[in-house]
Amino acid sequence: MIHPRTLRVDYDKAARVLCVVGSELNVNLYRSAPPSSKFFSVKCTYNVQYSISPPPWETSHLSPIPLSGNSVLLISMSRASEFENDSKLSVQYYGGNKEVLGRAVIYLTAVEISLDVDADRDGVVEKDNPNKGSWKWGPNGHGAVLLVNCDTERIYAKKPDIEQNYISRTSDLKDMSVMVLRTRGPAKLPEGYKLTMHISQGDAESVRVFMSTSPEVTNNFLSVKHLYNYSVSDYPLVLNSEVLSQEVPYIGGVAGMKFYVEGLRFPDKDFDGLININLSLLEPICAGLPETPIFTDKVVFRVAPWIMTPNTLQPVEVFICSTSDNYQFLKGMKNLVAKSGYKLKICHEYVNRGDRWMQDELEFGYIDSPHHRFPVVLDSPRDGNLMDFPYNELLGPDFGYVTRVAKRKDVSSLDSFGNLEVSPPVTVNGQNYPLGRIIIGVAFPTATKGRNMTKVVQDFLWAQKVQEPIALFSDWLLVGHVDEFMTFVPAPDRKHFRLLLASPDAGYKLFRGLQKDGHGQARLFEGLKDEETRTVDEILKDDPLRYQNNYVQNCIDWNRDVLKRELGLEEEDIIDLPILFKLSEEEEYRAVAYYPDMVNMIVLGKNLGIPKPFGPKVNGRCALEAEMCSLMEGLGLKCTFIDDFASYHKLLGEVHCGSNVRRQPFDFKWWNLEM
């Protein structure tokens, strides 16, 4: 990249000029010429290159060249100087008779200066990448990646690393992006010149820069895998919200100085994620006057987005709560997780304080860069008795934490993260979403009042860009979460997943089939203490219940159409599960599941943990379980039914609401997304 610079010179006076290799000095010859000058000529030492614009007619460089009002001399140097003023260029001016009127002499010192980052995103800081000052998405894109340093190196007295403006442990450097200042030239800059690094006021809240005080000899490439041979005092703070500009060392010779760049916040409504860092070479004028910039190099970082993980990715850890009344649920979940071969973490009652809704309190995701990635938990604004769990129990080394704080009056049940899901990868009308799409539930678009996910959370999710959200209508539910009527499971064919939807129509079809086959007296809820049983015949005769489920089916069908359109699905990609609902008159006729909501399941690879529905038994087997197994086993999935009736279903939640899963990240790198 050529960095042009206008240079003033005076005739009959020697100028000492510092020239940066890769820059171009532009001298307006007419402006600097003696009065009555008509011609000029140029001489220089071998390591100085020049050209004249517009090009002269004369072919010999020794002949005086006509001087015009727009004659410009373009000067450059292709390599660094070994010592100060080791190069020279002179311009001689002539009158109309080609008599000498004056002579301008420039003594030149060339230095190489480049501020470098991993602009090609291969894990190596290359020298002076021409694209380092901009960002472009896609596999052929460019631009460096920056992580938000939202984990903590502390084990005790925790707080995220972004909340301290110093490096507490050298291991923290791996969460930062390396930036290298490379220099070549004389041992020191000419007197009065200096290098400064600077950021804008707009970027100051989003980034910090630390410097390694130990320079090192470098080649054209520098791996971003860090070596921690120094103490934390070797990494002083250079730039932050209070220091926007600071002088940095010029090392000279052939040397490089490492800097560590720390992201402080995620993209959001008021922050597009792009950060510019500048390096300027300042020239002195005279004592008492400020220096002026004569060369500026710029690099651009994009802050890595927070990324959610769908059910089709491999589980790592399963999280559930232990309470005084959920023994049956706990037993079933332990067996399922052990059978599936994953790690189980139980949050005990002294931590959860009776709050069993692990799904609603938090959402697991991750952040990724070419040199490092780690999981990050998003803490919901729900803030039940589990509110301290994400921060106190999950935040740690290489485990980040982020939250969005809302006014209490703005927070509703829709801000619990059973109302936050993500699809597997999809392609929609030629648009590829290799990281899937976030799904949230809101009020119906035409509703004049209703509950919505709070704006600060929605703004955060939209700002991440890489998993463009879809808004579904979930306010028709009493709890109001999308996981009450939909989920995704892996599949061996088609799009490699199926969308499962709760379907009252499928429920009534199943019950009518049982009645037709002579099982009308089979009962729901048999074996449940203090629960009134109902026969298939009684359910089918219950007209108010049928009308309520017709309404529910309409709500689900509206969402079905949205999901088909926004995820590029066909009917073959959707499986309807036989689930009935009922409306609660006390809560503005919002719906709850009539029996345990089988769609509200946990997906662990090919093993599904499904709420035990306690449906009508036929030949000793629950007909709802049999139907569920028939639908899932065709996909190679195994169903395990978990009794959550008393401890979750009666409290308006199910298996998914009471559990959470941290999963492996995508293999796909978000920066390769075509935008």
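Going by the annotation in an unreviewed UniProt entry, the name recorded for the protein chain is Protein-arginine deiminase, with Seriola dumerili given as the source organism. In the Sequence similarities (unreviewed entry) part of its UniProt record, the protein chain is described as follows: "Belongs to the protein arginine deiminase family."

With that settled, consider the domain arrangement of the protein chain. When cut into domains, the protein chain gives domain 1 (5-111), domain 2 (119-222 + 229-303) and domain 3 (307-667). A separation of 36 Å is found between the C-alpha centroids of domain 1 and domain 2. Facing the 13 residues of domain 1 at the interface are 11 residues of domain 2. Both sides together, the interface formed by domain 1 and domain 2 hides about 940 Å², and carbon and sulfur atoms give 72% of it. Where domain 1 meets domain 2, there are one salt bridge. Between Arg 5 and Glu 283 there is a salt bridge, and its shortest N-O distance comes to 3.1 Å. If you look at where domain 1 meets domain 2, you find one residue pair in polar contact (both at pLDDT 80 or more). Looking at the side of domain 1 that touches domain 2, the elements that each hand over two or more residues are strand S2 (14-20) and strand S9 (100-116).

Successive side chains on a regular strand alternate, one facing one side of the sheet and the next facing the other. Pairing analysis gives three bridges linking strand S11 (residues 144-146) to strand S20 (residues 292-303), with the strands arranged parallel. Each residue of the ladder has a partner; that of Val 145, found in S20, is Arg 302. Here strand S19 (residues 274-283) pairs with S20 via 10 bridges, running antiparallel. If you follow Ile 277 over to S20, its bridge partner there is Val 299.

Right, let's talk about the pairing of strand S36 (residues 574-578) for a bit. Counting buried residues along S36, four of its five residues qualify, which places the element largely inside the surrounding structure. Sheet topology note: the strand S33 (residues 497-503)/S36 ladder contains five bridges and is parallel. The residue of S36 that forms the bridge with Ser 503 is Pro 578.

Evaluation of the coordinates by the stated rule reveals 24 aromatic pairs. Ring centres of Phe 319 and Phe 364 lie 5.0 Å apart, and the angle between their planes is 35°; on these two criteria the pair is classed as tilted. Placement of the pair is Phe 319 in strand S22 (residues 315-321) and Phe 364 in strand S24 (residues 362-368), with a sequence separation of 45 residues. Across the pair, Phe 364 and Phe 319 agree in class, each one buried. With a centroid separation of 6.4 Å and 75° between ring planes, the pair formed by Phe 319 and Phe 389 is classed as edge-to-face. Taken as a pair, Phe 319 in strand S22 and Phe 389 in helix H5 (residues 389-394) lie far apart in primary sequence, 70 residues in all. Look at Phe 319 and you get buried, because its relative accessible area is 2%. What makes Phe 389 buried here is its relative accessible area of 7%. Taken together, the aromatic side chains of Phe 511, Phe 525, Tyr 594, Tyr 595, Phe 614 and Phe 645 make up a single cluster linked through ring pairs. Over the face of the ring belonging to Tyr 648 we find Arg 356, whose NZ or CZ atom lies 5.7 Å from the ring centre.

Parameters at a glance
- Residues numbered from 1 in each chain as written.
- Predicted model: local features only at pLDDT ≥ 70, side-chain atom pairs only at ≥ 80, totals over all residues.
- Heavy atoms only, no water.
- UniProt positions renumbered as here; feature names shortened; annotations may be inferred.
- Domains from an automatic or database assignment.
- Contact = heavy atoms within 4.5 Å.
- Buried area = accessible area lost by both parts, 1.4 Å probe.
- Salt bridge = Lys/Arg side-chain N within 4 Å of Asp/Glu carboxyl O.
- Polar contact = N/O pair within 3.5 Å; in protein donor to acceptor, adjacent residues only side chain to side chain.
- Helix = DSSP H or I, 4+ residues; strand = E, 2+ residues; numbered from the N terminus.
- Pairing = 2+ DSSP bridges.
- Buried < 20%, exposed > 50% of the residue type's maximum accessible area, 1.4 Å probe, protein only.
- Phe/Tyr/Trp six-rings, centres within 6.5 Å; stacked < 30°, edge-to-face > 60°.
- Lys NZ or Arg CZ within 6 Å of the ring centre and 35° of its normal.

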